[in-house]
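Below are the chains, spelled out letter by letter.
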Amino acid sequence: MRIVQKEEAVMLLKQGDLVVLPTETVYGLAADGLNTDAVKKIFTAKGRPFGNPLILHVSSLEMLERLVKDISIQSKILMQLFWPGPLTLVFNRSELVPDIVTAGLDTVCVRMPKQDSTLAIIEALGKPLAAPSANKSGRPSPTNLADLEKEMPEIAVIDGGQTELGIESTVVDAREKDVKILRLGSLEVEKIEAALDEKVILIEKDSRAKSPGQNFKHYSPNAEVILIWPWETFGEKVSNENGSRYTTVEEAIADLYDRFKCGIICDSSRETLYLGYDVLPLGIGSIEHAKNLFATLHKAEDLAWEKIIVDMSKIYSKEALGPTVVERLKRSAE
Ligand code: TXA
Ligand code: MG
């Protein structure tokens, strides 16, 4: 991995090369978003299907206005409150946006990241950056340099340390009155509803066509992820993959642990239940869970666990980032 400074990053981007940049969510694999050949390199480096469109990252509202056609009142409200920050908005796109960025759609996704060094680079380039998460397609996103080294060892990188939030931005279509969440992310749905003073529509798995990226395999480490749910949550008993029934999550996990070379990810308050086991604690509460999730999946894979067992007690939650963390875990276990 080659760590570079701002000036070199801008030069590389100007000449159509890729640079990995930190954002407040995850590291992004960036290219000049108006240069088709440069953007093509992103798809090649990630092994990403061309049918999965990219997000453009801007440093100012003037830059946004060149990329889009109309900006709804709802979008304006959300931008005012949450930009820079982990909110990606869908807009009708202008002719300036290359087809390769949008996978041929009439819309383009744009966000303003909350990371000074990255904003300064966009500003110096004078153009938006196309940047997906800097992992190989289908893998957990990198949130620190060690994990990035596994994913994109050959690409120049700006060192931003550990990313602040740990999970990608929330993707929102606020073009019309009925505001839709296309991807859960680091901006809580409740905050969006409070800002708009109305309920939003969650686009569920079945209608993932709305956000093409949701159709692809995602967030998966090189080990099987098994989620064990607390029976208290659903009023039924825990079962393992054989359909055997257990009274508690701990009992189900003990059985798996006996039969496979595996380890456990759990809320830190439950770590003492698993003394003598291989455990990676996820922190306490959904904000910490979100921040640590991808790095922990990377760690579990480095430990060569055959199966990654996740104790979902205290991780399953409808509060704050709970739904986002659970959604990412479910996808990684698919
Ligand atoms: O936090 C983030 O959003 C990170 C950082 C690097 O900014 N980026 C990121 O990009 O997560 P990526 O490419 O991994 O995810 C982009 C998501 C995909 O699910 C994609 O399908 C969706 O945004 N998307 C892009 N353009 C779209 C469009 N025009 N309409 C609907 N969904 C779109
Ligand atoms: Mg991604």
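Residues numbered from 1 in each chain as written. Chains lettered and ligands numbered in written order. Predicted model: local features only at pLDDT ≥ 70, side-chain atom pairs only at ≥ 80, totals over all residues. Heavy atoms only, no water.

Undergrad: Could you clarify how one ought to interpret helix α12 (residues 322-333) in this entry?
TA: An α-helix turns once per 3.6 residues; consequently, residues spaced three or four apart project the same way. Compared with an ideal rise of 1.5 Å per residue, which puts twelve residues at 16 Å, α12 spans 16 Å between its outermost C-alpha atoms and is within 8% of the ideal. For α12, the buried fraction is high: nine of the twelve residues fall into the buried class. Along its buried surface, α12 packs onto β10 (180-183), β12 (224-228), α11 (286-302) and β17 (307-311). (Helix = DSSP H or I, 4+ residues; strand = E, 2+ residues; numbered from the N terminus. Expected span 1.5 Å × (residues − 1). Buried < 20%, exposed > 50% of the residue type's maximum accessible area, 1.4 Å probe, protein only. Contact = heavy atoms within 4.5 Å.)

Undergrad: What is the right way to read the sheet that holds β12 from this model?
TA: To summarise the sheet geometry, strands pair through backbone hydrogen bonds and adopt either a parallel or an antiparallel arrangement. Strands sit in the order β12-β17-β15-β16 across an open sheet of four strands; the sheet is parallel. Pairing within the sheet leaves two strands with one partner each, and these edge strands are β12 and β16 (279-281). Strand-to-strand twist of the sheet, defined as the mean angle between neighbouring strand axes without regard to direction, takes the value 25°. In the sheet, strand β15 (residues 262-266) pairs with β17 via four bridges, with the strands oriented parallel. Looking at the pairing, Ile264 lines up with Ile309 of β17. The strands touched by α11 are β15, β16 and β17; relative to β16, the strand with the most contacts, the crossing angle is about 165°. (Pairing = 2+ DSSP bridges. Axes fitted to C-alpha atoms, helices over the stretch in contact; angles between N-to-C directions.)

Undergrad: Teacher, can you tell me more about the packing of α11 against α12 here?
TA: Angle between the axes and distance between the axes: these two values describe a pair of packed helices. Viewed as axis vectors pointing N to C, α11 and α12 meet at an angle of 20°, and their least axial separation amounts to 8 Å. Here α12 runs roughly parallel to α11, going by the angle between their axes. Seen along the crossing, α11 lies across α12 with a hand that is left-handed. In contact with Ser286, His289, Ala290, Leu293, Phe294 and Leu297 of α11, α12 contributes Gly322, Val325, Arg328, Leu329 and Ser332. Grouping the amino acids of the contact of α11 with α12 by side-chain chemistry returns six nonpolar, four polar and one charged. (Parallel < 35°, antiparallel > 145°, perpendicular 65-115°, else oblique. Left-handed = near helix turned anticlockwise from the far one by under 90°. Nonpolar A, V, L, I, M, F, W, Y, C, P; charged D, E, K, R; others polar.)

Undergrad: I tried to follow the pairing of strand β3 (residues 28-32) on my own but got confused; where do I start?
TA: Each regular strand shows side chains that alternate between the opposite faces of the sheet. Most of β3 is tucked away, with five of its five residues classed as buried. Alignment of strand β2 (residues 19-21) against β3, held across three bridges, turns out to be antiparallel. Residue pairing for β3: Val20 is matched across the bridge by Leu29. Connecting β2 to the next strand, β3, in antiparallel fashion are six residues. Here β3 pairs with strand β7 (residues 129-130) via two bridges, running antiparallel. Looking at the pairing, Ala31 lines up with Ala130 of β7.

Undergrad: Any chance you could explain empty space enclosed by the protein here in plain terms?
TA: If a probe the size of a water molecule is rolled over the atoms, the empty space left behind becomes visible. This model, assessed by the stated rule, comprises one cavity of 30 Å³ or more. Roughly 50 Å³ of internal volume is contained in the largest cavity. The wall of the largest cavity is formed by Leu21, Thr23, Gly28, Ala30, His57, Thr118, Leu129 and Ala131. For the lining of the largest cavity, the per-class residue count stands at four nonpolar, four polar and no charged. (1 Å grid on protein atoms, 1.4 Å probe; cavity = no way out; pocket = protein on both sides within 12 Å on 5 of 7 lines; lining within 4 Å. Points joined across faces, edges and corners; volume = space filled by probe spheres on them.)

Undergrad: Help me understand the packing of aromatic side chains, please; the structure alone is not making it clear to me.
TA: The relation between two aromatic rings is expressed through the spacing of the ring centres and the mutual angle of the planes. Per the counting criterion, the structure on display carries five aromatic pairs. Measuring from centroid to centroid gives 4.2 Å for Tyr257 and Tyr277, while their planes differ by 50°, and the two rings are tilted. Of the two residues, Tyr257 is situated in helix α10 (residues 249-259) and Tyr277 in the loop between β15 and β16; the sequence distance between them amounts to 20 residues. When its relative accessible area of 27% is taken as the criterion, Tyr277 is described as partly exposed. Measuring from centroid to centroid gives 5.8 Å for Tyr274 and Tyr277, while their planes differ by 65°, and the two rings are edge-to-face. (Phe/Tyr/Trp six-rings, centres within 6.5 Å; stacked < 30°, edge-to-face > 60°.)

Undergrad: What is the right way to read the domain arrangement of the chain from this model?
TA: Taken as a whole, the chain is organised into domain 1 (6-202) and domain 2 (224-332). Between the C-alpha centres of domain 1 and domain 2 the distance comes to 30 Å. With 22 residues of domain 1 at the interface, the matching set in domain 2 holds 18 residues. Between domain 1 and domain 2 lies a buried interface of about 1600 Å² when both sides are counted; carbon and sulfur atoms form 52% of it. Inspection of the domain 1/domain 2 interface yields four salt bridges. Its salt-bridge partner being Glu301, residue Lys150 comes within 2.9 Å of it at the nearest N-O pair. There are nine residue pairs in polar contact (both at pLDDT 80 or more) connecting domain 1 and domain 2. Sort the elements by how many residues they give to the side of domain 1 that touches domain 2 and helix α7 (residues 145-151) lands first, with three residues. Residue composition of the side of domain 1 that touches domain 2, grouped by class: five nonpolar, eight polar and nine charged. (Domains from an automatic or database assignment. Buried area = accessible area lost by both parts, 1.4 Å probe. Salt bridge = Lys/Arg side-chain N within 4 Å of Asp/Glu carboxyl O. Polar contact = N/O pair within 3.5 Å; in protein donor to acceptor, adjacent residues only side chain to side chain.)

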